[in-house]
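Coordinate inspection notes
Chain residues, written in single-letter form:
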There are 2 protein chains.
Amino acid sequence: MMQPHVSESAFEPPCQQTSLKSSDSSESPDSSISSVGVALIGLGTVGSGVYKLLAQENVQGHLPVGIRGIAVRNPNKVRVLERNVEHASFSDPQALIHRDDVQIVVETMGGITDAYDCVKAALLAKKHVVTANKALIATHGSELFELARKHQVRLLFEGAVAGGIPVMMPLKLSLAANRIEAIAGILNGTTNYILTQMATAGLSFEEALEQAQSLGFAEADPTSDVEGEDAAFKLSILASMGFQQHVMPQAVHRHGITTVSALDIENAQTLDYTVKLIALAQKVEASETHPECLTLRVQPMLVPASHPLARIDNEYNAVWIRGHAVGDVMFSGKGAGELPTASAVTADILAIARDLAAGNDPIAGMKIPAMPEAVIQPIEQSASRYYVRVTTLDQPSVIGHLGLACGAAGVSLESVMQRGISPNATASIMLLTHRVTHAQMKQALENMRANGSIQQIDCVLAVLPC
Amino acid sequence: MMQPHVSESAFEPPCQQTSLKSSDSSESPDSSISSVGVALIGLGTVGSGVYKLLAQENVQGHLPVGIRGIAVRNPNKVRVLERNVEHASFSDPQALIHRDDVQIVVETMGGITDAYDCVKAALLAKKHVVTANKALIATHGSELFELARKHQVRLLFEGAVAGGIPVMMPLKLSLAANRIEAIAGILNGTTNYILTQMATAGLSFEEALEQAQSLGFAEADPTSDVEGEDAAFKLSILASMGFQQHVMPQAVHRHGITTVSALDIENAQTLDYTVKLIALAQKVEASETHPECLTLRVQPMLVPASHPLARIDNEYNAVWIRGHAVGDVMFSGKGAGELPTASAVTADILAIARDLAAGNDPIAGMKIPAMPEAVIQPIEQSASRYYVRVTTLDQPSVIGHLGLACGAAGVSLESVMQRGISPNATASIMLLTHRVTHAQMKQALENMRANGSIQQIDCVLAVLPC
């Protein structure tokens with residue numbers, strides 16, 4: 001729980017002497033009258049970045065935004081704040097949210113439970129909300145968007161996906177005339193760094209993870225990243241906004257990168273592909289057998305070297321969008337970090353503040369119809385080409401067996417290649433299939449497992465585009 | 001001149017029977033009362049695309065935008081229009097602009113003179129304006145922005161740079177908290193296609209140009225593209241918006257790609273670079289010798305293979321932006337074409353229409369201070385690393401002569417490489433310099449020309465980053 005440190009009087013912040021050093025807190029005492037009031041909840045990495053950007057001359061210059069107060073978990077931690085905190089105080093988040101002179105609540109606490117309480121309270125109090133909390137938006141977005149709609153306030157979250165790279169606003173505004181057909185992203189810098197190092201430096205997964213950890217690109221517990229959970233959160237947000245349907249992160253079929261080997265990456269390169277953890281949301285047109293639906297997956301995929309996403313390396317993120325009018329566009333950059341994410345959060349604050357300062361209704365131009373729940377294609381029906389690597393006995397008939405195992409499941413093969421012979425008289429064989437369903441591929445793998453000459457299925461990866 | 005075809009009565013468009021087939025022109029006769037009125041001036045490639053996108057169900061669904069009329073050069077040309085033209089008429093542009101039920105004028109005529117008259121008239125009549133006309137904005141932007149500011153209307157032009165790729169709106173809104181430090185773009189698909197084909201298929205400039213023409217990627221008269229004029233127009237717009245200073249296209253130092261040879265592209269590849277026509281606008285901090293200023297250039301450059309712009313091939317466009325908070329971000333895509341450009345124009349229309357439909361003042365949130373004229377760094381002071389290829393006599397002392405010619409101008413060399421010996425006892429030598437000024441490089445080249453053993457300076461290219 002956030003430690004409340006109540007400060008009802010904004011004019012005599014009780015903590016200012018002990019824990020807040022504001023270099024010019026006495027400046028422009030009357031600016032709070034006309035400026036748009038921001039409550040900053042959380043002063044960690046992103047919160048500090050937002051604070052810095054709002055304190056800038058140039059932002060101050062073109063818009064009066066004042067930070068009315070900051071709520072922090074530990075109010076006794078000494079922080080040096082520079083400017084733009086009008087009568088700054090470290091106060092109880094709830095008290096801060098409900099202040100009459102606060103119009104925008106900026107949630108940068110992280111986590112889900114406290115952040116949810118804070119954002120919900122703000123929306124109920126008819127305050128506009130800006131957050132970069134992907135887990136919160138992915139998990140409670142449906143309820144929070146509905147609350148925002150009901151209370152006629154905005155809930156913006158540009159920083160939740162791809163950090164500072166502009167994605168949500170371009171998707172909503174710049175591509176407004178498009179029917180979005182597909183969104184594919186490299187949304188997790190940690191896994192992209194690991195896969196890039198495996199591809200370029202020939203490291204194993206474990207070695208690359210260790211390197212990423214030592215460089216600060218991976219957390220001590222990397223589970224959420226390497227298992228694709230972080231990317232699934234972001235994809236569910238992107239898909240919800242792009243297709244205007246609520247997508248829960250649980251609806252995303254998810255497969256991590258822990259089983260990707262350096263050998264498969266090398267094989268992919270031989271075939272002119274690269275292996276990336278791809279977050280894919282794609283519209284599937286209605287057919288005789290199913291209604292229009294979405295296919296949603298986060299999984300390591302073979303990406304053709306000619307695809308723009310193949311060139312996104314190391315800690316870079318990218319979101320590739322196909323719209324029926326614009327064709328393919330891609331937004332890329334480093335994304336993560338204090339100031340990049342703060343850049344996105346501050347842009348959201350300024351977007352709302354501009355309207356408020358002008359006396360415009362910030363929600364009026366944005367009326368969003370209630371979003372339906374997304375219809376998700378069962379993963380068994382989803383279709384891809386597949387790369388498969390198997391270990392077999394080194395026998396003349398083995399490729400025949402593989403072909404028959406696949407053929408019996410309706411899986412036709414594009415190519416079959418043997419890659420060297422192991423000392424123990426086994427062969428490593430790569431298959432590339434034509435486009436088949438997940439169910440067909442599963443059946444083909446079962447058929448292989450039932451065949452005595454096929455010893456082991458080492459790796460199965462889908463191939464982009466799906 | 002556009003042929004005026006006056007139609008004062010919007011309810012009985014005189015041309016409808018003869019040249020306009022509207023499949024459901026009688027639909028929702030009273031929708032014009034509440035919908036935002038658009039006047040479409042020009043129905044060429046982009047205009048037709050805008051018409052199609054505004055007629056879509058999904059756009060119709062979330063916003064009432066009605067095309068009040070269309071002005072075309074040749075009103076007798078038969079066109080099949082489908083929906084969304086309320087009481088459509090092919091009318092005199094001036095009459096159309098001044099209709100009370102028109103709030104947004106969309107200029108898709110192309111050219112400068114007529115477009116200027118049309119846009120100016122619209123702004124004077126307090127109509128919001130959307131255009132994709134890069135030549136118009138680059139040439140008359142300063143005056144037109146001032147008019148828009150004075151008359152409190154918006155002038156949007158997302159489609160003028162990089163076609164459908166969202167750039168202007170993200171730059172203005174999503175990166176609002178950033179001080180922009182540099183903008184580098186591949187802004188011309190024709191030249192990028194030519195350079196890519198020279199690099200990948202080993203074609204000469206002439207062969208690649210011919211191929212581009214036969215595929216429709218280059219015009220019969222490619223001068224504006226290959227000489228960098230088109231890119232300079234776009235760069236001046238990007239720089240004006242990014243740095244909030246008026247930049248005239250004439251202020252852009254410009255060098256085309258006609259002198260780039262396949263050999264230089266091959267040499268660049270050997271050095272792990274690729275050659276691109278780069279449009280670069282960069283802030284130069286104030287120093288003892290000069291005030292803060294901008295360096296602006298469109299020129300073929302060596303781009304390191306690791307730079308995101310190196311991977312933008314063929315007809316793709318990209319804009320790479322460095323902001324002090326966000327770091328580096330890039331927007332890329334195919335950009336050009338009917339629907340991509342229309343996607344950008346329609347997004348601008350919808351951005352204005354959303355505010356109008358909500359009763360908001362569309363300009364209020366966007367108050368732009370009058371922009372100062374940009375201070376441009378004289379090209380002589382601009383600094384780069386340089387690639388130079390010279391033909392010399394094949395003598396042992398020649399590298400010494402080159403080193404002395406450069407050294408006397410203050411140009412120090414990073415590397416010197418001989419690439420084969422010609423039959424007539426000459427040598428082809430590549431130099432890579434450290435970062436020097438344009439003036440220093442010029443002096444070094446003069447020194448070389450004065451040296452008898454250096455026969456010819458074949459190619460001089462700047463190296464990114466500058």
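Now for a look at the structure at hand. (Residues numbered from 1 in each chain as written. Chains lettered and ligands numbered in written order. Predicted model: local features only at pLDDT ≥ 70, side-chain atom pairs only at ≥ 80, totals over all residues. Heavy atoms only, no water.)

1. Observations concerning the overall build of chain A
For chain A, the helix and strand inventory stands at 16 helices and 18 strands. Relative to its 466 residues, chain A shows a buried fraction of 60%. In chain A, 75% of the contacts between residues at least 6 apart in sequence involve partners at least 24 apart. Carbon and sulfur atoms provide 52% of the accessible area of chain A, an area that totals close to 17,600 Å². (Helix = DSSP H or I, 4+ residues; strand = E, 2+ residues; numbered from the N terminus. Buried < 20%, exposed > 50% of the residue type's maximum accessible area, 1.4 Å probe, protein only. Contact = heavy atoms within 4.5 Å. Areas by Shrake-Rupley, 256 points an atom, 1.4 Å probe, with all protein chains shown as cover.)

2. As for the relation of the copies chain B and chain A
Superposition record for chain B on chain A: RMSD 0.0 Å, screw rotation 180°, translation along axis 0.0 Å. Accordingly, the operation relating the two chain copies is best matched by a two-fold axis. Interface overlap between copies: 100% of the residues of chain B at the interface are likewise at the interface in chain A, consistent with a symmetric, same-surface contact. (Least-squares fit on C-alpha atoms with pLDDT ≥ 70 in both.)

3. Comments concerning the sheet that holds strand E7 (residues 155-156) of chain B
Residues and elements named next belong to chain B. Here 5 strands make up an open sheet; going across it, the order is E3-E2-E5-E6-E7 and the pairing parallel. Looking along the sheet, the strands with just one partner apiece sit at the ends: strand E3 (65-71) and E7. For strand E6 (residues 128-131) and E7, the ladder comprises 2 bridges, and the chain directions are parallel. For Val130, the partnering residue across the bridge sits in E7 and is Leu156. Contacting strand E2 (36-41), strand E5 (104-107), E6 and E7, helix H6 (residues 113-124) runs over the sheet at an angle of about 170° to E5. Across the sheet, helix H14 (residues 338-357) lies against E2, E3, E5, E6 and E7, angled at about 165° from E6, the strand it touches most. (Pairing = 2+ DSSP bridges. Axes fitted to C-alpha atoms, helices over the stretch in contact; angles between N-to-C directions.)

4. Looking at the interface of chain B and chain A
Size of an interface, as often reported, equals the accessible area lost when the parts are brought together. At the interface, 45 residues of chain B touch 45 residues of chain A. Both sides of the chain B and chain A interface together cover about 3,700 Å² of buried area, and 54% of this is carbon and sulfur. Seen at the junction of chain B and chain A, the total is 2 salt bridges. Between Asp313(A) and Arg311(B) there is a salt bridge, and its shortest N-O distance comes to 3.8 Å. Taken together, the connections running from chain B to chain A amount to 5 residue pairs in polar contact (both at pLDDT 80 or more). The dominant element in the side of chain B that touches chain A, judged by the number of residues it contributes, is H14(B), at 7 residues. (Buried area = accessible area lost by both parts, 1.4 Å probe. Salt bridge = Lys/Arg side-chain N within 4 Å of Asp/Glu carboxyl O. Polar contact = N/O pair within 3.5 Å; in protein donor to acceptor, adjacent residues only side chain to side chain.)

5. Notes on the pairing of strand E12 (residues 317-323) of chain B
Residue and element names in this part refer to chain B. Counted residue by residue, E12 has 6 buried out of 7 residues, so it is predominantly covered. Pairing analysis gives 7 bridges linking E12 to strand E13 (residues 327-333), with the strands arranged antiparallel. Residue pairing across strands places Trp320 opposite Met330, the latter belonging to E13. Counting the residues that bridge the hairpin from E12 to E13 gives 3 residues.

6. Some remarks on the pattern of salt bridges
For the coordinates displayed, the defined rule picks out 28 salt bridges over all chains. As a salt-bridge pair, Arg322(B) and Asp328(B) come within 2.7 Å of each other at their nearest N and O atoms. By relative accessible area, Arg322(B) is classed as partly exposed at 35%. Assessed through its relative accessible area of 16%, Asp328(B) is described here as buried. A single salt-bridge network, built from bridges that share partners, covers Arg68(A), Arg99(A) and Asp101(A).

7. As for helix H15 (residues 398-407) of chain A
Residues and elements named next belong to chain A. Burial in H15 covers these residues: Val398, Leu402, Ala405 and Cys406. Buried residues of H15, seen end-on, are gathered within an arc of 95° and therefore sit on one face of the element. On its buried face, H15 sits against strand E14 (383-393), strand E15 (413-421), strand E16 (426-433), helix H16 (438-449) and strand E18 (454-463). (Arc of directions from axis to C-beta.)

8. With respect to the environment of Ile363(B)
Residues and elements named next belong to chain B. Its location among the elements puts Ile363 in the loop between H14 and strand E14 (383-393). Considered as a pair, Ile363 and Ser382 are 19 residues apart in the sequence and their alpha carbons are 37 Å apart. Beyond its immediate chain neighbours, meaning those up to four positions away, Ile363 contacts Gln152, Val153 and Arg154.

9. Some points on the sheet that holds strand E6 (residues 128-131) of chain A
Within the open sheet, the 5 strands sit side by side as E3-E2-E5-E6-E7 (chain A). Their pairing is parallel. Only two strands of the sheet have a single neighbouring strand rather than two, namely strand E3 (65-71) and strand E7 (155-156) of chain A.

10. Observations concerning the packing of aromatic side chains
All names here are of chain B. Evaluation of the coordinates by the stated rule reveals 5 aromatic pairs over all chains. On the numbers, 4.8 Å between centres and 55° between planes, the contact of Tyr193 with Phe217 is tilted. Within this pair, whereas Tyr193 is found in helix H9 (residues 189-200), its partner Phe217 is found in the loop between helix H10 (205-214) and helix H11 (223-226), the two being separated by 24 residues in sequence. When its relative accessible area of 29% is taken as the criterion, Phe217 is described as partly exposed. (Phe/Tyr/Trp six-rings, centres within 6.5 Å; stacked < 30°, edge-to-face > 60°.)

11. Here we look at helix H7 (residues 134-150) of chain A
Residue and element names in this part refer to chain A. Of all the bends in H7, the greatest measures close to 80° and is centred on Gly141. Buried within H7 we find Ala135, Leu136, Ile137, Ala138, Gly141, Leu144, Phe145, Leu147 and Ala148. Buried positions along H7 lie against strand E5 (104-107), helix H6 (113-124), E6, E7 and helix H12 (229-243). You can read the cap of H7 off the contacts: a side-chain oxygen lies 3.4 Å from the backbone nitrogen of Ala135, and it is on Asn133. A positive phi of about 60° marks Gln152, the residue just after H7. (Bend = angle between axes of the 7 residues up to and from the residue.)

12. With respect to the environment of Val303(B)
All names here are of chain B. Summarising the element assignment, Val303 is placed in strand E11 (residues 293-304). The class for Val303 is buried, based on a relative accessible area of 0%. Separated by 35 residues in the primary sequence, Val303 and Ala268 place their C-alpha atoms 8.7 Å from one another. In this view, Val303 contacts Asp272, Tyr273, Thr274, Lys276, Ile278, Leu309, Ala310 and Leu464; residues no more than four positions away in its chain are not counted.

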